[in-house]
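Overview (structure and organization)
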Amino acid sequence: MQDVEIRGTTLLSYSPLYRYTAMEDYENGIKYYMSALQVNERHYNAWYDLGVVYLRQEKFEFAEHHFRFAYRLNLCRLFSCATLREMETVEMVERAMEADPKNVLPIYQKAQIMLEGLVPKESTTFALVGKIYKHLNMHHKAMFYFGVALDLKPPAAGVAAIKAAMEKLYLSDEMDNE
C-alpha cells in the first residue's frame, strides 16, 4: 500500500495499521502516524490508529489519550454533518419545549436527537475499551464494556474473544477473593 497524495499533502493510505501491527513494527507505525498528524493534526484515523499501536505495546495511558482525542474529533465531524432534516426536527422540538416548559418529553426527545449517531456502534471499539480497563485493574468497568461489545452482535470470532476476556477477568476476581 502506498500513501495517497493530494495537492502536495500526504494522506493516510487505506489500511497501514494492519501492515504495521501484523509485522509488530510499532516504531515505524508510530513514525508514520506522527508524520500524518504533522500534515493534518485533526486526522481521525491517525489518532485512532496510534491508539491501537500504543494499546498493542501495552502503553495504556498513551492509548487512552489517543482514543479520546479521536473520539472528540469524531464528535466534531458528526455535529458538522448534521442534515437539514435533523436541524428541522430539533427546531420543532425546541418550539415544543418553549410552548410547554414543564413537559419533559420534548427535552428527552432533543437529547435523543443530539446523541443519535455519536456513540460508536462497533463492538471492537467497546472491546478495546474493556481491555484497557482490564489492564488498569478496573474490572467492573472492563466487564461493563465487554458486555456492551457483546450486545452489539460482533462476529463469531469476536464473541469468542470477548467471552474469553470476560472469563479471564472473572477468574482473576475469584483468585483475588480467595
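Residues numbered from 1 in each chain as written. Predicted model: local features only at pLDDT ≥ 70, side-chain atom pairs only at ≥ 80, totals over all residues. Heavy atoms only, no water.

A word on the pattern of salt bridges
Opposite charge on two side chains allows them to pair when their charged atoms are near. Worth spelling out the cut-off: In what follows, salt bridge is the name for a side-chain nitrogen of Lys or Arg lying within 4 Å of a carboxyl oxygen of Asp or Glu. Helix and strand assignments come from DSSP, with helices taken as H or I runs of at least 4 residues and strands as E runs of at least 2, each series counted from the N terminus. Here the term buried applies to any residue with accessible area under 20% of the maximum for its type, exposed to any over 50%, and partly exposed to those in between, with areas from a 1.4 Å probe on protein chains only.
Per the counting criterion, the structure on display carries 1 salt bridge. R68 is the salt-bridge partner of E64, the closest N and O atoms lying 2.8 Å from each other. Separated by 4 residues within a single helix, E64 and R68 lie in helix α4 (residues 60–80), roughly one turn from each other. We classify E64 as partly exposed; its relative accessible area is 24%.

What about the confidence of the model for the protein?
So the rule is basically this: Per residue, pLDDT captures the predictor's confidence, and it can take any value from 0 to 100. Here, residues are in contact when the closest pair of their heavy atoms is within 4.5 Å.
Of all residues in the protein, 71% attain a pLDDT of 70 or more, and the chain-wide mean is 75. Across the protein, the element-wise mean pLDDT spans from 41 in strand β1 (residues 4–6) up to 89 in helix α8 (residues 139–151). Below pLDDT 50 for its whole length, residues 1–14 participates in 25 contacts with residues either more than four positions away or in separate chains.

Focus on the packing of helix α2 (residues 26–39) against helix α3 (residues 44–56)
Note the threshold: Note on geometry: axes are C-alpha line fits, over the in-contact stretch for helices, and angles between N-to-C directions span 0 to 180 degrees. Small angles under 35 degrees read as roughly parallel and large ones over 145 as roughly antiparallel, with 65 to 115 read as roughly perpendicular and the rest as oblique. Handedness of a crossing is defined here by the sense of rotation of the near helix relative to the far one, left-handed for an anticlockwise turn of less than a right angle and right-handed for a clockwise turn. The residue classification treats Ala, Val, Leu, Ile, Met, Phe, Trp, Tyr, Cys and Pro as nonpolar and Asp, Glu, Lys and Arg as charged. All others, Gly included, are polar.
In contact at an axis separation of 10 Å, α2 and α3 are set at 160° when each is read in the N-to-C sense. Considering their axes alone, α2 and α3 lie roughly antiparallel with respect to each other. Like other packed secondary-structure pairs, α2 and α3 cross with a definite hand, here left-handed. Between α2 and α3, the residues in contact are Y26, I30, Y33, M34, A36 and L37 and A46, W47, D49, L50, V53, Y54 and R56, respectively. Classifying every residue of the contact of α2 with α3 gives 11 nonpolar, no polar and 2 charged.

Observations concerning the packing of aromatic side chains
To keep things clear, this is the line we draw: Only rings of Phe, Tyr and Trp enter the pairing, Trp through its six-membered ring, and a pair is recorded when the two centres are within 6.5 Å. The plane angle decides the type: under 30 degrees is stacked, over 60 is edge-to-face, the rest tilted.
On inspection of all chains with the given rule, the structure shows 7 aromatic pairs. Judged by centre distance (5.1 Å) and plane angle (85°), the ring pair of F144 and Y145 falls under edge-to-face. On the basis of relative accessible area, F144 is assigned to the exposed category, the value being 53%. Residue classification places Y145 among the partly exposed positions, given a relative accessible area of 22%. One aromatic cluster in this structure is built from F126, Y133, F144 and Y145.

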